[in-house]
Amino acid sequence: MCGIVGYVGRKDAESVLTVGLQKLEYRGYDSAGIALLVKNNIIVRKRAGKIHELINSLAESPLPKSTIGIAHTRWATHGGVCDTNAHPHLSQRGIFAVVHNGIIDNYSYLREMLRQQGYSFSSETDTEVIANLLEYNYLREGELIEALVKTVKQLEGSFALAILFRDDPDLIIGVRKDSPLVVGLGEEENILASDPVAILPHTKRVVYLDDGEIAFVRQNSVEFYDFQGKPIEKEAKILDYTEEDAEKGPYPHFMLKEIYEQPKVLSTNIERYVRSLKPVLLRDLNLRKLLLNKTRIIIEAAGTSYHAGLVGKYLLETYAEIPTEVEYSSEFSYRKLATDSRTLVVAISQSGETADTIDGLRYAKKHGLEVLAIVNRPESTIARESDYVIYTNAGIEVGVASTKAYVAQVQVLTLLALELAHVKGFLTEDELEGMMRHMEALPKKVERVLALDAHIGHIAERIYKTTNVMFLGRGINYPTALEGALKLKEVSYIHAIGYAAGEMKHGPLALVDNALPVVVINPRSSAYELTVSSTHEVVSRGGKVISVITEGDRRMAELSTHTIYVPEVPEFLTPIITIVPLQLLAYYAAVLRGVDPDKPRNLAKSVTVR
Ligand code: AGP
């Protein structure tokens, strides 16, 4: 999704802004631009393509120096990918420059209204409408804050804005509605950004804007207003991660770094959520009461988080005996909710900014349902709007393909299900203790899987030229098959399908021939024997099986062309131990195909549009 950076301070604005855009590259984009304020004149440079196109253009024909400006990376929604549609957009008389994350639903109506007032448009974007509407209102109102208040009232949809105002060389305006915006508070400088990652090199003191808020950011001060123009007080927070968290370090890609961070992430959550005194998550009496009073759970999430939700379903139903449904967020918000107040909605999200999942959360609350969020990013919209929050503590995840965040989500769902089972009397203290010992042993076992890196890279060499791969899993590892397939397709562009192993014979078996690699996830578990049968069905039709199985399993090894052994763990931990080799398989397939696994085409790290 698009990225916003604004700067006002002592430094060279162009370099601060271009470096800030590079920090946001991971979010996915297709064009980039910058606007500087130089002696009451706003100068804009923007280019379709990657940020280095913009930087090359700035090097070839430099802009005048300035200490104030805004910049943007655009992920095209309204209007194709071209220089003209890139942001920033100037208003007709050059009074304002605007960069925008989000979508203005009523931009066509507003554009027509402005055309009748003599405005013309050079781009196809909704953002240019915002710039001209603000200018139109400013020229009529004469006062900046009044013009802003009027403008935001006329806009329908989602918008995070950074605005340059030609007549004030010490002001960047930030506006937030349904798309994140953060102010970084520096020394004689202040930053505005859509993601704290761009602020981190300058300061860790930040203020998160809430929906319906405006910020006047100056070199030595920041004022906040609501959408009625009333001044408001905001509290500064301290970012809880460091700059190296947002850097690749010795790794060639963020995705590999984040796969390798998984033992540490698991250990962080064990430290935080597994104690001698139990329960830990449910020590929060309000959360415990909430869960004990619910007779049904609906999990709403997107993509990888949806797959974590599917694992959560198995765990919550198996151990805590609470009926659990899992819905794609984008479907959940459009179905009739046949529920009552004893239904709990759980929103799972790494970024906490996924528009579909935010919509699902708001839809649930509109129906009087309480929402528990399981999110990774503190202060994110989903964290702030939910009734309860459990953090997954995976740290910043930069790679578009979610890896460590997924493992952290599954780990938190596991702990929640086991604690709830214990509190409801389905697990004794000793049983819970025993399961937590296995959880504590997990990080070391994941390290042993990471040590298979080269072996998995070797297997990737065997499949990276193929056009189709099938993933099969059963029971608690059916979601593992779905997630393994998503990883492969989203970073290597190889078509991959995840299927329930038992369902494969009802149709997908027709796809199996001696050219089709079939990844079978079959660790020791209650589904083992049946999945061995499914594997026989594949092998007898010439399918090449790549099996993810428990160390020492000879039976499956004899059926497999390639074998990936993982350490033995109890069934409830198999989704974590078996996804790690599939993450590596996807990563190496992408690299072998010459694709940057951190920035897959067409995708964004946080999908903030519907
Ligand atoms: C996962 O690898 C994908 N990048 C994508 O499916 C992602 O999981 C989905 O967009 C949900 O994102 P969220 O967890 O931040 O809500």
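Residues numbered from 1 in each chain as written. Predicted model: local features only at pLDDT ≥ 70, side-chain atom pairs only at ≥ 80, totals over all residues. Heavy atoms only, no water.

Observations concerning the site of the ligand
- Around the ligand, 14 residues are found, and the nearest of them are Ser305, Ser349, Thr354, Val400 and Glu490.
- A distance of 2.6 Å is found between an oxygen atom of the ligand and a side-chain nitrogen or oxygen belonging to Ser305.
- A distance of 2.5 Å separates an oxygen atom of the ligand from a polar atom in the side chain of Thr354.
- Elements supplying a minimum of two residues to the shell around the ligand: α9 (303-319) and α16 (478-492).
- Tallying contributions element by element places α9 first for the shell around the ligand, with three residues.
- Classifying every residue of the shell around the ligand by side-chain character gives four nonpolar, eight polar and two charged. (Near = heavy atom within 4 Å. Polar contact = N/O pair within 3.5 Å; in protein donor to acceptor, adjacent residues only side chain to side chain. Helix = DSSP H or I, 4+ residues; strand = E, 2+ residues; numbered from the N terminus. Nonpolar A, V, L, I, M, F, W, Y, C, P; charged D, E, K, R; others polar.)

A closer look at the packing of aromatic side chains
- Under the definition given, this model contains eleven aromatic pairs.
- Summarising the aromatic geometry, the rings of Tyr138 and Phe165 are spaced 5.2 Å apart at their centres and angled 80 degrees between planes, so their arrangement reads as edge-to-face. Here Phe165 lies in strand β7 (residues 157-165) and Tyr138 lies in helix α4 (residues 127-141), a separation of 27 residues in the sequence. This pair shows no difference in class: Tyr138 is buried, exactly as Phe165 is. (Phe/Tyr/Trp six-rings, centres within 6.5 Å; stacked < 30°, edge-to-face > 60°. Buried < 20%, exposed > 50% of the residue type's maximum accessible area, 1.4 Å probe, protein only.)

Examining helix α14 (residues 429-450)
- In a regular helix each residue adds 1.5 Å, so 22 residues correspond to 32 Å; α14 covers 33 Å between its end C-alpha atoms and thus fits that length.
- Within the span of α14, buried status applies to Leu432, Glu433, Met435, Met436, Met439, Leu442, Pro443, Val446, Val449 and Leu450. (Expected span 1.5 Å × (residues − 1).)

With respect to the sheet that holds strand β20 (residues 388-391)
- With respect to topology, five strands assemble into an open sheet ordered β17-β16-β18-β19-β20, the strand pairing being parallel. The outermost strands of the open sheet, each flanked by one partner alone, are β17 (324-328) and β20. Each strand of the sheet is rotated relative to its neighbour by a mean of 20 degrees, with strand direction disregarded.
- Of the pairings in the sheet, the one linking strand β16 (residues 296-301) to strand β18 (residues 343-349) comprises six bridges and is parallel in character. Paired with Ala301 across the two strands is Ile348, which belongs to β18.
- Sheet strands touched by helix α8 (residues 285-292): β18, β19 (370-375) and β20. Its angle to β20, the strand with the most contacts, is close to 105 degrees. (Pairing = 2+ DSSP bridges. Axes fitted to C-alpha atoms, helices over the stretch in contact; angles between N-to-C directions. Contact = heavy atoms within 4.5 Å.)

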